[in-house]
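# Structure at a glance
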Protein chains: 2
Amino acid sequence: MTQPLSVDMFEELCPSDLIPLRFADKWAALILRCLDGGPRRFSELRVPLSRVTAKVLTSSLRALERDGMVSRTAHQPGTVPHVEYALTPLGRSVLDLYATVGAWAAEHWDELLEAREAYDASQ
Amino acid sequence: MTQPLSVDMFEELCPSDLIPLRFADKWAALILRCLDGGPRRFSELRVPLSRVTAKVLTSSLRALERDGMVSRTAHQPGTVPHVEYALTPLGRSVLDLYATVGAWAAEHWDELLEAREAYDASQ
DNA sequence: CGGTATCCACAAGGATACTG
DNA sequence: CAGTATCCTTGTGGATACCG
């Protein structure tokens, strides 16, 4: 049974529809996971994310903040900066979504790797 | 309640863990959706995906094939090429996952857009 | 029909150094 | 401490032309 195709797929779904989920952001999922246990300071995030430079971490955090997934709070009791990042309800929600994606990956990982090996072997 | 962070997040989860899901591929989701109604020829896919060039469509299809989400079958009855792409069971499974992601997006879309407008207005 | 070959533009990511 | 400023590399995606 073959169903007809839309004339233009872009009328229904743009690629940008997925971009706000930040799946294309290399570090977004990792950052959100780091915030799962509670609010973190910038320097605290840099430890587990040691392979992400400050510049890149900043820009990812800004993007997550813009999308309402992370909140940024600057406390300034004295002269020393103190910034805390925390998950918003939306951020927590997208973390659940990542968990679903992760469960899918765990279940189908072997299947995918086998396909890849088979393909590479045939080329 | 604040929980401790891992020393190195990369021990648990690499960014590459998500890449095989092809979420970073700009057209993968759209291509899989085009195959949902049945097998399609290359030129059939080009119609709804008119904004994707042949080169890009080919490379996306190759990547999907390598990951076992799409099968490529070349029928050659005469001298005229006839290639069909179809969803594999794994591809169908990942389509279900996209549906879950899409449902999340539909539910939280407004929330995300509001956050974005608020952020942009404050900058 | 089903692609390749070539060249190009742009954005993301990264290395390094510096600052309020 | 929490970033910026600069510069550079890479890769994806795209435009155009051509081929078995």
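Residues numbered from 1 in each chain as written. Chains lettered and ligands numbered in written order. Predicted model: local features only at pLDDT ≥ 70, side-chain atom pairs only at ≥ 80, totals over all residues. Heavy atoms only, no water.

Another point: the protein's contact with DNA strand D. For DNA strand D, the set of nearby residues contains 20 residues, the closest of which are Ser 43, Arg 72 and Tyr 85 of chain A together with Trp 27 and Lys 55 of chain B. Within the side chain of Arg 62 of chain A, a nitrogen or oxygen atom sits 3.0 Å from a phosphate oxygen of DNA strand D. Between a phosphate oxygen of DNA strand D and a main-chain N or O atom of Lys 26 of chain B, the distance comes to 3.0 Å. Elements that contribute at least two residues to the surface near DNA strand D include exactly α2 (42–46), α3 (54–66) and β3 (82–87) of chain A together with α3 (54–66) of chain B. Here the surface near DNA strand D takes four residues from α3 of chain A, the largest share from any one element. (Near = heavy atom within 4 Å. Polar contact = N/O pair within 3.5 Å; in protein donor to acceptor, adjacent residues only side chain to side chain. Helix = DSSP H or I, 4+ residues; strand = E, 2+ residues; numbered from the N terminus.)

Generally speaking, soluble globular proteins have nonpolar side chains that are buried together. One finds Phe 23, Ile 31, Leu 32 and Tyr 98 of chain A together with Ile 31, Leu 32 and Tyr 98 of chain B to be the most contacted residues of the largest nonpolar core, which totals 58 residues. Looking at this core, the elements that each hand over two or more residues are α1 (28–34), α3, β3 and α4 (89–121) of chain A together with α1 (28–34), α3, β3 (82–87) and α4 (89–121) of chain B. Per element, the largest residue contribution to this core is nine residues, and it comes from α4 of chain B. (Core = buried A, V, L, I, M, F, W, Y, C linked by side-chain atoms within 4.5 Å. Buried < 20%, exposed > 50% of the residue type's maximum accessible area, 1.4 Å probe, protein only.)

On to the sheet that holds β3 of chain B. Residues and elements named next belong to chain B. Pairing is antiparallel across the open sheet formed by three strands, whose spatial order is β1-β3-β2. The strands lining the two open edges of the sheet, one partner per strand, are β1 (40–41) and β2 (70–75). Looking at chain direction, β1 and β3 are connected through two bridges and run antiparallel. Residue pairing in the sheet places Arg 41 in a bridge with Glu 84 of β3. Where α3 meets the sheet, its contacts fall on β2 and β3, and the angle it forms with β2 comes to roughly 110 degrees. (Pairing = 2+ DSSP bridges. Contact = heavy atoms within 4.5 Å. Axes fitted to C-alpha atoms, helices over the stretch in contact; angles between N-to-C directions.)

Just distances and angles here, no functional claims.
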